[in-house]
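Architecture at a glance
So the chains spell out like this:
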Amino acid sequence: MMLKRGLVIKSDLPDIAQQLTINSGTSGAVNEVNLSYAANSFIPKRDWQPLNSKAKAVLFNHSGDMPSNSVIRIGKVPDNIEETFRKIKLHELTNPDDVYPTVRQHEEIVKGLATELDGFFEQFSSNKLYKFHRITRAMPNRDTITCHYHDEQFTYIGLHVDRSRLYKLHTAHKSGNRISINLGNESRCLATVNLSLIQAYNMVRKKVAAGTTITPRNIAGLFFQHYPDYPVVKIEVKPYQYYIAPTDNFFHDATTVGMKSVDITLVYTGNFDKI
């Protein structure tokens, strides 16, 4: 199945297209030893290939300003902020459980870093309505990383839409976006489906029985059931690079397949509308 026009990629990085690959679709998640997926979860197939000219045209060729709810921006933090991050030495950690204690040990550096980040982020926001969300930690070599912890077990959910605020399918585009900075020692990747939630809804509605209720909670499972051959685009995010994306408005998840070290990211959420 060919890519449809939807979300686009913006970046000032040289040769950004070389950081993107594409596959042939998704498959139902298969539970492995010590790794459990929720029912009706889907993950990207691993048959990644470089973008061809048609895919590049869909993802990059656009004219005029695009609304922030239709853009995934890839960039790199300034050198001074990278240097400050390196002083905390998160990139040297090998155990996810060491991340938060290490941050607490460098409290003064972290306070200064918050000021530096605020000065950097304000160029992307017209009203500075954003806030620290969390530092995420994930194990290497996972097809997708988002999971819930319940009854002493991690349950992964596969490709999904975030629900950072309450919204309906037709209002997901108003939810704002987030910035995620790679603080780890290796490149991590963002697996994406380049369709807005309303585009996905319109496609699902054509396939399901009349009267079927489609919600933000079940739309991912319904979409991948009916369109398993819709391609997934994987975006490499190198150390100290970031993405800004409307993660309430498209299917996605990070993937750490091929990584050997712990995946660590800093996340802010809010109104990054000048991207």
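These lines cover the structure that appears in this document, whether it is placed above or below.

1. Quick word on helix H4 (residues 107-121)
Taking 1.5 Å per residue as the helical rise, H4 with its 15 residues ought to reach 21 Å, and the 21 Å between its terminal C-alpha atoms agrees with that figure. Within H4, burial applies to Leu113, Leu117, Phe120 and Phe121. Summarising the axial view, the buried residues of H4 lie within an arc of 80 degrees, below the 170-degree limit, and thus occupy one face. In H4, the exposed positions angled more than 90 degrees off the buried face are occupied by Glu108 and Thr115. Elements that come into contact with the buried residues of H4 comprise strand E7 (71-76), helix H2 (79-88), strand E8 (130-138), strand E11 (177-182), strand E14 (241-245) and strand E16 (263-270).

2. A word on the layout of surface pockets
In this structure, the second largest pocket occupies an estimated 230 Å³ of space. Around the second largest pocket sit 13 residues that line it, and Ser164, Arg165, Ser175, Thr269 and Gly270 are the ones nearest its centre. Among the elements of the structure, E8, E11 and E16 are those that each provide at least two residues to the lining of the second largest pocket. In the lining of the second largest pocket, the residues fall into no nonpolar, 8 polar and 5 charged.

3. Some words on the sheet that holds E7
The mixed open sheet is built from 6 strands, whose spatial order is E1-E7-E14-E11-E16-E8. Lying at the two open borders of the sheet, with one neighbouring strand each, are strand E1 (8-11) and E8. Pairs of neighbouring strands in the sheet enclose a mean axial angle of 20 degrees, with direction left out of account.

4. Considerations on the side chain of Ser41
Structurally, the position occupied by Ser41 is in the loop between strand E4 (36-37) and strand E5 (42-44). Apart from the residues within four sequence positions on either side, Ser41 is in contact with Ser27, Gly28, Ala29, Tyr156, Ile157 and Gly158.

5. Points about the pattern of salt bridges
If you walk through the whole model with that rule in mind, you get 12 salt bridges. Ionic pairing is found between Arg46 and Asp143, a salt bridge with its closest N-O pair at 2.9 Å. A residue pair is termed long-range when its members are at least 10 positions apart, and Arg46 in the loop between E5 and strand E6 (49-50) and Asp143 in the loop between E8 and strand E9 (147-150) qualify at 97 residues. The exposed category is assigned to Arg46, whose relative accessible area is 53%. By relative accessible area, Asp143 is classed as buried at 10%. Between Arg188 and Asp263 there is a salt bridge, with its nearest N and O atoms 2.7 Å apart. Note that Arg188 is positioned in strand E12 (residues 188-192) and Asp263 in strand E16, a separation of 75 residues in sequence. In this structure, a network of salt bridges that share partners links the residues Lys76, Asp79, Glu82 and Arg86.

6. What about the sheet that holds E6?
The 5 strands lie next to each other as E6-E2-E13-E12-E15, forming an open sheet whose pairing is antiparallel. Edge positions in the sheet fall to E6 and strand E15 (252-255), since each of these pairs with one other strand and no more. Across 5 bridges, E12 lies against strand E13 (residues 233-237) in antiparallel orientation. Its bridge partner lying in E13, Ala191 is registered against Lys234.

7. Points about the pairing of E16
Looking along a regular strand, one sees the side chains alternate between the two faces of the sheet. For E16, the tally of buried residues reaches 7 of 8 residues, placing the bulk of the element in the interior. As paired strands, E8 and E16 are joined by 8 bridges and run antiparallel to one another. Residue pairing for E16: Ala138 is matched across the bridge by Asp263. Inspection of the sheet shows E11 paired to E16 by 6 bridges, in the antiparallel sense. From the neighbouring strand, Arg178 faces E16, where its bridge partner is Thr269.

8. Some points on the packing of aromatic side chains
For the structure shown, the criterion picks out 19 aromatic pairs. Centroid distance Phe120 to Phe124: 5.4 Å. Interplanar angle 85 degrees. Geometry classified as edge-to-face. Here Phe124 falls in the buried class, since its relative accessible area comes to 3%. Look at Phe120 and Tyr242: their rings are 5.7 Å apart centre to centre, the planes differ by 75 degrees, and that puts the pair in the edge-to-face class. You can see Phe120 sitting in helix H4 and its partner Tyr242 sitting in strand E14, a full 122 residues away along the chain. Through a chain of ring-to-ring contacts, three or more aromatic side chains come together here, namely Phe120, Phe121, Phe124, Tyr130, Phe132, Tyr242, Tyr268 and Phe272.

9. Description of the nonpolar core
In a soluble, globular protein the nonpolar side chains are often hidden away together inside. If you look at the biggest cluster of nonpolar residues, it comprises 45 residues, and the most contacted ones within it are Ile219, Phe223 and Phe251. Looking at this core, the elements that each hand over two or more residues are strand E2 (20-22), helix H1 (53-60), E7, E12, helix H5 (197-205), helix H6 (219-226), E13 and E14. Beyond its immediate chain neighbours, meaning those up to four positions away, Ile219 contacts Leu169, Leu197, Ala200, Tyr201, Val204, Ile214 and Phe251. With 29 residues, the next largest nonpolar core counts Val77, Ile135, Ile244 and Ile275 among its residues.

About the criteria used
Residues numbered from 1 in each chain as written. Predicted model: local features only at pLDDT ≥ 70, side-chain atom pairs only at ≥ 80, totals over all residues. Heavy atoms only, no water. Helix = DSSP H or I, 4+ residues; strand = E, 2+ residues; numbered from the N terminus. Expected span 1.5 Å × (residues − 1). Buried < 20%, exposed > 50% of the residue type's maximum accessible area, 1.4 Å probe, protein only. Arc of directions from axis to C-beta. Contact = heavy atoms within 4.5 Å. 1 Å grid on protein atoms, 1.4 Å probe; cavity = no way out; pocket = protein on both sides within 12 Å on 5 of 7 lines; lining within 4 Å. Points joined across faces, edges and corners; volume = space filled by probe spheres on them. Nonpolar A, V, L, I, M, F, W, Y, C, P; charged D, E, K, R; others polar. Pairing = 2+ DSSP bridges. Axes fitted to C-alpha atoms, helices over the stretch in contact; angles between N-to-C directions. Salt bridge = Lys/Arg side-chain N within 4 Å of Asp/Glu carboxyl O. Phe/Tyr/Trp six-rings, centres within 6.5 Å; stacked < 30°, edge-to-face > 60°. Core = buried A, V, L, I, M, F, W, Y, C linked by side-chain atoms within 4.5 Å.

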